[in-house]
Amino acid sequence: GNVSYGWRLVGPGLDGAGYTGLALSPWDSNQLILNVGSNLAMQLFQAGAKYMVQLVVRSGGVEGMSKVQLRRPMPPFGGSCWMEVAEAEELVGALVARCENWNAESLPLSYRYGASVAPWAAATAKWSVPTYLSRAELRLSEGDYALAVEVLDDVGTSTVTQSMGAVVTAASSTTEGEREETLAGVLTELDQLGSVSQLMQLSQSIMQGVSSEQSGSGGRRLLASSAAYRLRVRRMLLNQMEGGVAE
(Lines give C-alpha, C1' and ligand atoms only; values in the text may rest on other atoms or scores of the structure.)
Protein backbone atom coordinates (compact mmCIF):
# COMPACT_ATOMS: atom_id res chain seq x y z
CA GLY A 1 0.00 0.00 0.00
CA ASN A 2 0.91 3.69 0.03
CA VAL A 3 3.56 4.83 2.46
CA SER A 4 3.46 8.33 3.96
CA TYR A 5 6.08 10.16 5.96
CA GLY A 6 5.81 13.00 8.43
CA TRP A 7 8.71 14.81 10.10
CA ARG A 8 8.63 17.25 12.98
CA LEU A 9 11.01 18.95 15.38
CA VAL A 10 10.39 19.18 19.11
CA GLY A 11 12.35 21.23 21.62
CA PRO A 12 12.83 24.60 23.34
CA GLY A 13 11.75 27.55 21.22
CA LEU A 14 10.19 25.41 18.48
CA ASP A 15 6.51 25.90 19.31
CA GLY A 16 4.30 26.13 16.23
CA ALA A 17 5.53 25.70 12.66
CA GLY A 18 8.13 28.47 12.66
CA TYR A 19 10.89 25.94 12.05
CA THR A 20 9.61 24.67 8.69
CA GLY A 21 12.06 26.95 6.84
CA LEU A 22 14.95 24.90 8.25
CA ALA A 23 14.34 21.99 5.86
CA LEU A 24 15.98 21.72 2.44
CA SER A 25 13.69 18.76 1.65
CA PRO A 26 9.89 18.36 1.94
CA TRP A 27 8.62 17.53 5.42
CA ASP A 28 6.60 14.64 3.97
CA SER A 29 9.46 13.03 2.03
CA ASN A 30 11.35 9.87 2.98
CA GLN A 31 14.39 11.91 4.05
CA LEU A 32 14.89 15.13 5.97
CA ILE A 33 17.73 17.55 5.23
CA LEU A 34 18.08 20.36 7.76
CA ASN A 35 20.10 23.51 7.11
CA VAL A 36 21.53 23.72 10.61
CA GLY A 37 24.06 26.36 9.54
CA SER A 38 21.41 28.89 8.46
CA ASN A 39 20.61 32.13 10.25
CA LEU A 40 17.18 30.72 11.10
CA ALA A 41 18.79 27.71 12.79
CA MET A 42 21.05 30.01 14.81
CA GLN A 43 17.98 31.93 15.96
CA LEU A 44 15.86 28.88 16.83
CA PHE A 45 18.31 26.38 18.28
CA GLN A 46 19.42 27.42 21.75
CA ALA A 47 23.00 26.77 22.78
CA GLY A 48 23.25 23.68 24.96
CA ALA A 49 19.60 22.69 24.42
CA LYS A 50 18.43 19.26 23.22
CA TYR A 51 16.00 18.75 20.32
CA MET A 52 14.15 15.73 18.98
CA VAL A 53 13.65 14.93 15.31
CA GLN A 54 10.55 12.69 15.00
CA LEU A 55 9.51 10.62 11.98
CA VAL A 56 6.07 9.06 11.69
CA VAL A 57 5.62 6.44 8.93
CA ARG A 58 2.16 5.20 7.95
CA SER A 59 1.49 2.24 5.67
CA GLY A 60 -1.63 0.08 5.28
CA GLY A 61 -3.18 1.38 8.47
CA VAL A 62 -0.02 0.71 10.48
CA GLU A 63 1.91 3.56 12.08
CA GLY A 64 5.46 3.61 13.37
CA MET A 65 7.65 6.31 14.89
CA SER A 66 11.38 6.89 15.02
CA LYS A 67 13.29 9.57 16.92
CA VAL A 68 16.79 11.01 16.93
CA GLN A 69 18.19 13.61 19.32
CA LEU A 70 20.05 16.75 18.29
CA ARG A 71 21.94 19.18 20.48
CA ARG A 72 23.41 22.56 19.65
CA PRO A 73 26.81 22.82 21.32
CA MET A 74 27.67 25.65 23.66
CA PRO A 75 29.87 28.35 22.10
CA PRO A 76 33.41 28.79 23.46
CA PHE A 77 33.28 30.01 27.05
CA GLY A 78 35.22 30.90 30.18
CA GLY A 79 38.08 32.84 28.66
CA SER A 80 39.12 36.44 28.19
CA CYS A 81 41.01 38.54 25.66
CA TRP A 82 42.87 41.78 26.21
CA MET A 83 45.33 44.14 24.56
CA GLU A 84 48.84 43.19 25.59
CA VAL A 85 50.08 46.18 23.58
CA ALA A 86 47.37 48.81 23.06
CA GLU A 87 49.50 51.57 21.52
CA ALA A 88 52.03 51.26 18.71
CA GLU A 89 53.82 53.42 16.19
CA GLU A 90 52.61 53.10 12.62
CA LEU A 91 54.71 50.67 10.51
CA VAL A 92 57.31 50.32 13.28
CA GLY A 93 55.37 48.62 16.09
CA ALA A 94 52.43 46.26 16.30
CA LEU A 95 49.33 46.10 18.44
CA VAL A 96 49.19 42.80 20.33
CA ALA A 97 46.02 40.98 21.39
CA ARG A 98 46.12 37.93 23.68
CA CYS A 99 43.49 35.40 24.74
CA GLU A 100 43.60 32.89 27.59
CA ASN A 101 41.54 30.21 29.35
CA TRP A 102 38.96 29.64 26.62
CA ASN A 103 37.26 26.26 26.53
CA ALA A 104 34.69 24.52 24.35
CA GLU A 105 32.88 21.24 23.91
CA SER A 106 34.51 20.71 20.51
CA LEU A 107 38.25 21.33 20.42
CA PRO A 108 40.62 22.60 19.13
CA LEU A 109 39.90 26.32 19.28
CA SER A 110 40.85 28.86 16.64
CA TYR A 111 40.87 32.65 16.70
CA ARG A 112 40.07 35.50 14.32
CA TYR A 113 41.28 39.00 15.14
CA GLY A 114 39.25 41.94 13.86
CA ALA A 115 39.84 45.68 13.78
CA SER A 116 37.72 48.66 12.82
CA VAL A 117 38.08 52.40 13.13
CA ALA A 118 36.76 53.33 16.58
CA PRO A 119 34.04 52.91 17.70
CA TRP A 120 33.64 49.20 16.92
CA ALA A 121 31.69 48.54 13.71
CA ALA A 122 31.27 44.86 12.88
CA ALA A 123 30.08 45.62 9.35
CA THR A 124 33.36 47.31 8.36
CA ALA A 125 35.82 45.40 10.57
CA LYS A 126 38.82 43.79 8.88
CA TRP A 127 39.35 40.22 10.12
CA SER A 128 42.37 37.95 10.10
CA VAL A 129 42.15 34.41 8.80
CA PRO A 130 41.50 31.81 11.54
CA THR A 131 44.58 30.78 13.46
CA TYR A 132 45.28 28.40 16.34
CA LEU A 133 47.46 31.08 17.95
CA SER A 134 45.88 32.80 20.97
CA ARG A 135 48.20 35.78 20.59
CA ALA A 136 48.32 38.00 17.51
CA GLU A 137 50.18 41.05 16.29
CA LEU A 138 48.20 43.56 14.24
CA ARG A 139 49.79 46.24 12.10
CA LEU A 140 47.51 49.10 11.14
CA SER A 141 47.79 52.63 9.78
CA GLU A 142 47.64 55.65 12.07
CA GLY A 143 44.36 56.07 13.92
CA ASP A 144 42.12 55.11 16.82
CA TYR A 145 40.82 51.55 16.59
CA ALA A 146 38.50 49.06 18.24
CA LEU A 147 39.58 45.41 18.18
CA ALA A 148 37.65 42.23 18.89
CA VAL A 149 38.39 38.51 18.79
CA GLU A 150 36.14 35.75 17.48
CA VAL A 151 36.86 32.46 19.28
CA LEU A 152 35.71 29.43 17.26
CA ASP A 153 35.38 25.77 18.21
CA ASP A 154 35.95 22.80 15.91
CA VAL A 155 32.36 22.74 14.61
CA GLY A 156 32.15 26.47 13.82
CA THR A 157 30.32 27.71 16.91
CA SER A 158 31.84 31.00 17.99
CA THR A 159 31.95 33.73 20.61
CA VAL A 160 32.91 37.32 19.78
CA THR A 161 34.53 39.28 22.58
CA GLN A 162 33.72 42.82 23.56
CA SER A 163 35.71 45.41 21.63
CA MET A 164 38.98 46.75 23.01
CA GLY A 165 40.45 50.18 22.34
CA ALA A 166 43.84 50.67 20.68
CA VAL A 167 45.83 53.55 19.18
CA VAL A 168 48.34 53.65 16.35
CA THR A 169 50.42 56.83 16.46
CA ALA A 170 51.98 58.57 13.48
CA ALA A 171 55.18 57.08 12.11
CA SER A 172 58.38 58.89 13.06
CA SER A 173 59.37 59.07 9.37
CA THR A 174 59.13 62.74 8.41
CA THR A 175 59.11 62.81 4.61
CA GLU A 176 56.84 61.06 2.15
CA GLY A 177 59.85 59.28 0.68
CA GLU A 178 60.89 57.92 4.08
CA ARG A 179 57.36 56.74 4.86
CA GLU A 180 57.08 55.08 1.46
CA GLU A 181 60.41 53.30 1.96
CA THR A 182 59.40 52.14 5.45
CA LEU A 183 56.08 50.84 4.18
CA ALA A 184 57.75 48.91 1.36
CA GLY A 185 60.15 47.33 3.86
CA VAL A 186 57.35 46.29 6.21
CA LEU A 187 55.26 44.78 3.38
CA THR A 188 58.25 42.82 2.11
CA GLU A 189 59.09 41.55 5.61
CA LEU A 190 55.53 40.39 6.29
CA ASP A 191 55.37 38.71 2.88
CA GLN A 192 58.66 36.88 3.44
CA LEU A 193 57.52 35.73 6.90
CA GLY A 194 54.27 34.43 5.45
CA SER A 195 52.26 36.69 7.80
CA VAL A 196 49.21 36.75 5.55
CA SER A 197 46.77 38.11 8.12
CA GLN A 198 49.05 40.96 9.21
CA LEU A 199 49.82 41.78 5.59
CA MET A 200 46.15 41.89 4.58
CA GLN A 201 45.02 43.89 7.61
CA LEU A 202 47.79 46.46 7.15
CA SER A 203 47.07 46.73 3.42
CA GLN A 204 43.33 47.13 3.98
CA SER A 205 43.90 49.68 6.72
CA ILE A 206 46.20 51.81 4.54
CA MET A 207 43.96 51.45 1.48
CA GLN A 208 41.12 52.79 3.59
CA GLY A 209 43.33 55.67 4.64
CA VAL A 210 44.27 56.73 1.10
CA SER A 211 40.59 56.90 0.10
CA SER A 212 39.17 60.40 0.00
CA GLU A 213 35.99 58.97 1.52
CA GLN A 214 37.79 57.83 4.67
CA SER A 215 35.90 58.86 7.80
CA GLY A 216 36.93 58.77 11.42
CA SER A 217 40.45 59.16 12.77
CA GLY A 218 42.27 56.50 10.75
CA GLY A 219 44.50 57.67 7.93
CA ARG A 220 44.73 61.33 8.95
CA ARG A 221 48.34 61.63 7.82
CA LEU A 222 47.74 59.83 4.54
CA LEU A 223 44.93 62.20 3.63
CA ALA A 224 47.21 65.15 4.40
CA SER A 225 49.84 63.75 2.02
CA SER A 226 50.14 64.70 -1.63
CA ALA A 227 47.91 63.08 -4.23
CA ALA A 228 51.01 61.66 -5.95
CA TYR A 229 52.15 59.98 -2.74
CA ARG A 230 48.73 58.47 -2.10
CA LEU A 231 48.70 57.16 -5.66
CA ARG A 232 52.13 55.56 -5.22
CA VAL A 233 51.04 53.95 -1.95
CA ARG A 234 47.87 52.62 -3.57
CA ARG A 235 49.91 51.17 -6.47
CA MET A 236 52.38 49.61 -4.03
CA LEU A 237 49.59 47.89 -2.08
CA LEU A 238 47.88 46.63 -5.24
CA ASN A 239 51.19 45.23 -6.48
CA GLN A 240 51.75 43.55 -3.12
CA MET A 241 48.35 41.88 -3.25
CA GLU A 242 49.21 40.63 -6.74
CA GLY A 243 52.51 39.14 -5.56
CA GLY A 244 55.30 41.65 -5.21
CA VAL A 245 56.29 45.03 -3.77
CA ALA A 246 56.51 47.83 -6.30
CA GLU A 247 59.91 49.23 -7.07
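Residues numbered from 1 in each chain as written. Predicted model: local features only at pLDDT ≥ 70, side-chain atom pairs only at ≥ 80, totals over all residues. Heavy atoms only, no water.

Q: Would you mind going over the state of the cysteines with me for this structure?
A: In protein structure, a disulfide is the covalent linkage between the sulfur atoms of two cysteines. One pass over the full model with this rule turns up one disulfide. Sulfur-sulfur distance for the disulfide between C81 and C99 comes to 2.1 Å. Between C81 and C99 the sulfur-sulfur dihedral comes to about 110°; the bridge is accordingly right-handed. Linking C81 in strand β4 (residues 80-85) with C99 in strand β6 (residues 95-100), this pair joins segments that are 18 residues apart in sequence. Both residues of the pair, C81 and C99, belong to the buried class. (Disulfide = S-S within 2.5 Å. Helix = DSSP H or I, 4+ residues; strand = E, 2+ residues; numbered from the N terminus. Buried < 20%, exposed > 50% of the residue type's maximum accessible area, 1.4 Å probe, protein only.)

Q: What's the story with the sheet that holds β6 in this structure? I'm lost.
A: Hydrogen bonds between backbone groups are what pair the strands of a sheet, and the pairing can be parallel or antiparallel. What the three strands build is an open sheet, ordered β4-β6-β9; its pairing is antiparallel. One side of each edge strand has no neighbouring strand; the edge strands of this open sheet are β4 and β9 (135-138). Strand-to-strand twist of the sheet, defined as the mean angle between neighbouring strand axes without regard to direction, takes the value 25°. Inspection of the sheet shows β4 paired to β6 by five bridges, in the antiparallel sense. Note on β6: the bridge partner recorded for W82 is R98. (Pairing = 2+ DSSP bridges. Axes fitted to C-alpha atoms, helices over the stretch in contact; angles between N-to-C directions.)

Q: Just to check I follow, could you spell out the pairing of β9 for this structure?
A: Strand residues, when the strand is regular, have side chains that alternate between the two faces of the sheet. The alternating pattern of β9 places A136 and L138 on a buried face, while none of R135 and E137, on the opposite face, is buried. In this sheet, β9 lies alongside β6 in antiparallel orientation, the contact comprising four bridges. When the bridges of β9 are listed, L95 appears paired with L138.

Q: What should I look at first to understand the pairing of strand β2 (residues 50-59) in this one?
A: Looking at chain direction, strand β1 (residues 3-10) and β2 are connected through eight bridges and run antiparallel. Bridging across to β2, G6 finds its partner in V56. Here β2 folds back onto strand β3 (residues 62-71) in antiparallel fashion, the turn holding two residues, of which G60 has a positive phi close to 55°.

The analysis is restricted to geometry; functional conclusions fall outside its scope.
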